[in-house]
Amino acid sequence: MKILVCISKTPDTTAKIAFVDNNTKFAADGVQWIINPYDEWYALVRAIELKEKDPATVIHLVNVGGADTEPIIRKALALGGDEAIRVNFDSQDSFSIASQIAAIAKDGAYDLILTGKETLDFNGASIGGMLAELLDIPFISLATKLDLNGTIATVSREIEGGEEVAEAALPLVVSCQKGMAEQRIPNMKGIMGARTKPLKVVEPVAADPLTAIVGFELPPAKAGVKLVSADQPEELVRLLHEEAKLF
Amino acid sequence: MSVLIYIDQAEGQIKKSSFEAASYGARLAEQTSTQAEAVVVGNSSADLSMLGKYGIKKVHHVNNEMLNHFDAQTYTRVIGQVTEACQATVVVLSNNVNGKAIAPGLSARLKAGLVAGAVSLPDTSNGFVVKKGVFSGKAFANVNVLSPIKIIGLTPNAFSPVAGEGTAEVVAFNASIDAPRVKHLATNKVQGQIPLSEAELVISGGRGLKGSENWGMIEELAGLIGAATACSRAVADAHWRPHHEHVGQTGGSIAPNLYFAVGISGAIQHLAGVNRSKVIVVINKDPEAPFFKAADYGIVGDAFEVMPKVIDAVKKLKGA
């Protein structure tokens, strides 16, 4: 079993979001970067769990990014990836990123490709679906559960107000979210071992972007909270009814 | 030339988020002087001609028993064929669970740039620039779509559907369909609850409620006003509530008309998932809770004392 886990770097979840250069660039100074939590907690950890059940499993990691993403790739190797590939390419367009991963995936003949459901920075939720189409293999999105029985995968996927259970023969692309696995902390052995695990850097294939970000905006500031006394909760209900007209 | 809107269904009924997409697509068609057409995939029990009320002129219905269960790949290919047949230059989908499954594949297939999570109509004065949420609700990006065909995933509850008069022409569309490679086994729905992603009103509880046994008041208030229930990450991690109720940066991201937070301090990660809500109400006993800074209304007080009184007041209002 060969699994490819796609990992992306995102600003730490507590990072202050601000922009520079006339609001065209994210203010990255002093920002701590992490593995996108959906990629790490759900996609990668589930791959590791599958490897624990079937030790013959090989986990490859792929990242599309500059050299500055290597610390997070090493962390993913410390958690339990076997090898990593970094495509030396920086882009904000999901199609050109997916095209890079598709090129890697075609070479690697993977049985299972896992992504997080979306990244915390651009929230495109696009890479998995694009990859599946570029590779002509099925795609199950927003998965909360994934089990393998030989070469058949059983996957639960979120729908409005519940879940859908489906099965598909491998190869398969699955985008992962909460429920799939639990966050892990790398242990010392993993951290030491990660230093010598292979991290291959490859140059990008040609892929024209389909979109370009022209600028960023911050949401307008709130006018301020209207506080109601704890002794008069009925006043809150009146405001919600008469002023905000919510019910 | 047309704007094509994908109408997503659940059990043969049109989802609310699809009416939003239909209205949005119709407005965009008006703005770009083309026609709004819709595509419905699989069985439908709805009267599809009524999509005319939302500005749709023509509905392409692709009905085939192989399409009665959702499969991202099969649906993507069907919608791709309809896009080409009606020479659509824009495809609009709701950025809901199925939209997120279809839109990226469609983008790769048609080499059409995708803006997932759009919050307003495109600016077509110079290019095709769509505003979308980024950084998990903490900011917006304006994205220019460079390709001839454009795909927009519209954030649920970001655009109010406008119903007027009109009847759409419904035509059967004959698509070439390969058997789905994903086999549907079961659909498990939580009965009698409003799905969080579709909800206009949401009542949410946090660690301040101390345990799952205290969720009665959250559920009672939600029941009274027809709201969905949600929770913070700590609550889902402690298994007080199911994972699908978790909203926040690493859970669901929602933008309801009302987000009513009880016993949630409002950490930046939680705010990221809910700060696009139109009205935020916070009940917390800690006056320093960061959530008050993001709130529109608030009560500094003990939830266990305040909530029963809120519920009584709502009951009185509703005449119950």
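Rules used throughout
- Residues numbered from 1 in each chain as written.
- Chains lettered and ligands numbered in written order.
- Predicted model: local features only at pLDDT ≥ 70, side-chain atom pairs only at ≥ 80, totals over all residues.
- Heavy atoms only, no water.
- Core = buried A, V, L, I, M, F, W, Y, C linked by side-chain atoms within 4.5 Å.
- Buried < 20%, exposed > 50% of the residue type's maximum accessible area, 1.4 Å probe, protein only.
- Helix = DSSP H or I, 4+ residues; strand = E, 2+ residues; numbered from the N terminus.
- Contact = heavy atoms within 4.5 Å.
- Patch = residues over 30% accessible without salt bridge, like charges linked within 9 Å, V, L, I, M, F, W, Y side chains within 5 Å.
- Areas by Shrake-Rupley, 256 points an atom, 1.4 Å probe, with all protein chains shown as cover.
- Salt bridge = Lys/Arg side-chain N within 4 Å of Asp/Glu carboxyl O.
- Pairing = 2+ DSSP bridges.
- Axes fitted to C-alpha atoms, helices over the stretch in contact; angles between N-to-C directions.
- Parallel < 35°, antiparallel > 145°, perpendicular 65-115°, else oblique.
- Left-handed = near helix turned anticlockwise from the far one by under 90°.
- Nonpolar A, V, L, I, M, F, W, Y, C, P; charged D, E, K, R; others polar.
- Domains from an automatic or database assignment.
- Buried area = accessible area lost by both parts, 1.4 Å probe.
- UniProt positions renumbered as here; feature names shortened; annotations may be inferred.

Some remarks on the nonpolar core
Counting residues in hydrophobic clusters, the biggest one holds 55 residues, and the most contacted among them are A:Ile101, A:Ile113, B:Tyr6, B:Val39, B:Val41, B:Val62 and B:Ile151. Here the element with the most residues in this core is helix α3 (residues 94-108) of chain A; it accounts for seven residues. If near-sequence neighbours (up to four positions away) are discounted, B:Val41 is found in contact with B:Tyr6, B:Gln9, B:Val62, B:Leu67, B:Tyr75, B:Val78 and B:Ile79.

With respect to a nonpolar patch on the surface
Where nonpolar side chains cluster on the molecular surface, the patch consists of A:Met188, A:Ile191 and A:Met192 and spans about 290 Å² of accessible area. Here A:Met188 is to be found in helix α5 (residues 188-194).

A few points about the pairing of strand β6 (residues 58-65) of chain A
Residue and element names in this part refer to chain A. Within β6, seven of the eight residues are buried, leaving the element largely enclosed by the surrounding structure. Sheet topology places strand β1 (residues 2-6) next to β6; five bridges connect them, and they run parallel. In the sheet register, Ile-3 faces β6, and the bridge partner there is Ile-59. Here β6 runs beside strand β7 (residues 83-88); their pairing, made up of six bridges, is parallel. Looking across to β7, one finds that Val-62 is bridged to Ile-85.

Section: the packing of helix α6 (residues 233-243) of chain A against helix α8 (residues 303-318) of chain B
Put simply, α6(A) and α8(B) touch, their axes get as near as 8 Å, and they point 50° apart. The pairing of α6(A) with α8(B) is recorded here as oblique in orientation. Considering the relative orientation of α6(A) and α8(B), their crossing is right-handed. Facing α6(A), whose interface residues are A:Pro233, A:Glu234, A:Val237 and A:His241, α8(B) presents B:Val306, B:Lys309, B:Val310, B:Ala313, B:Val314 and B:Leu317. A class-by-class count of the residues in the contact of α6(A) with α8(B) yields seven nonpolar, one polar and two charged.

Some details on the domain arrangement of chain B
Residue and element names in this part refer to chain B. Segmentation of chain B into domains returns domain 1 (2-172) and domain 2 (196-318). Of note, the centres of domain 1 and domain 2, computed from C-alpha atoms alone, are 31 Å apart. Domain 1 puts ten residues into the contact, and the matching count from domain 2 is 14 residues. It is Lys-16, Lys-138 and Asn-157 in domain 1 that bury the most area against domain 2; as a group they hold 50% of the surface buried on that side.

Some details on the pattern of salt bridges
Under the defined criterion, the tally for this structure stands at 32 salt bridges over all chains. Salt-bridge contacts for A:Glu118 lead to A:Lys117; the nearest nitrogen and oxygen are separated by 4.0 Å. Of the two residues, A:Glu118 and A:Lys117, neither departs from the other in class, the shared state being buried. Salt-bridge contacts for B:Arg109 lead to A:Glu133; the nearest nitrogen and oxygen are separated by 2.4 Å. With one member in each of two chains, B:Arg109 in helix α3 (residues 97-110) and A:Glu133 in helix α4 (residues 127-135) form a pair that bridges those chains. Note on A:Glu133: relative accessible area 11%, which makes it buried. Because the salt bridges share partners, they merge into one network encompassing A:Arg46, A:Glu49, A:Lys53, A:Lys145 and A:Asp147.

Overview of the pairing of strand β4 (residues 35-41) of chain B
Residues and elements named next belong to chain B. Of all seven residues in β4, six are buried, a share of seventy percent or more. Strand direction decides the pairing type here: strand β1 (residues 2-7) and β4, joined by six bridges, are parallel. In the strand pairing of β4, Tyr-6 is matched with Val-39. Examined bridge by bridge, β4 and strand β5 (residues 58-62) share five bridges and lie parallel to one another. Pairing of Val-39 across the sheet is with His-60, part of β5.

Description of unusual backbone geometry
A cis amide bond links A:Leu170 to the next residue, A:Pro171, at an omega of 0°. Its location among the elements puts A:Pro171 in the loop between β11 (162-169) and β12 (172-176). At A:Lys245, a position not held by glycine, the phi torsion is positive, near 50°. Tracing the backbone shows A:Lys245 in the segment after α6. Residue A:Lys245 is classed as exposed on the basis of its relative accessible area of 64%. The backbone phi angle of B:Lys111 is positive, close to 50°, even though this residue is not glycine. Among the residues examined, B:Lys111 registers a relative accessible area of 41% and is labelled partly exposed.

Considering the UniProt feature "domain: Electron transfer flavoprotein alpha/beta-subunit N-terminal" (unreviewed entry) in chain B
Within this structure's numbering, the places UniProt gives as "domain: Electron transfer flavoprotein alpha/beta-subunit N-terminal" (unreviewed entry) are residues 3-194 of chain B. As annotated, residues 3-194 of chain B has a helix share of 23% and a strand share of 33%, and its two end C-alpha atoms lie 30 Å apart.

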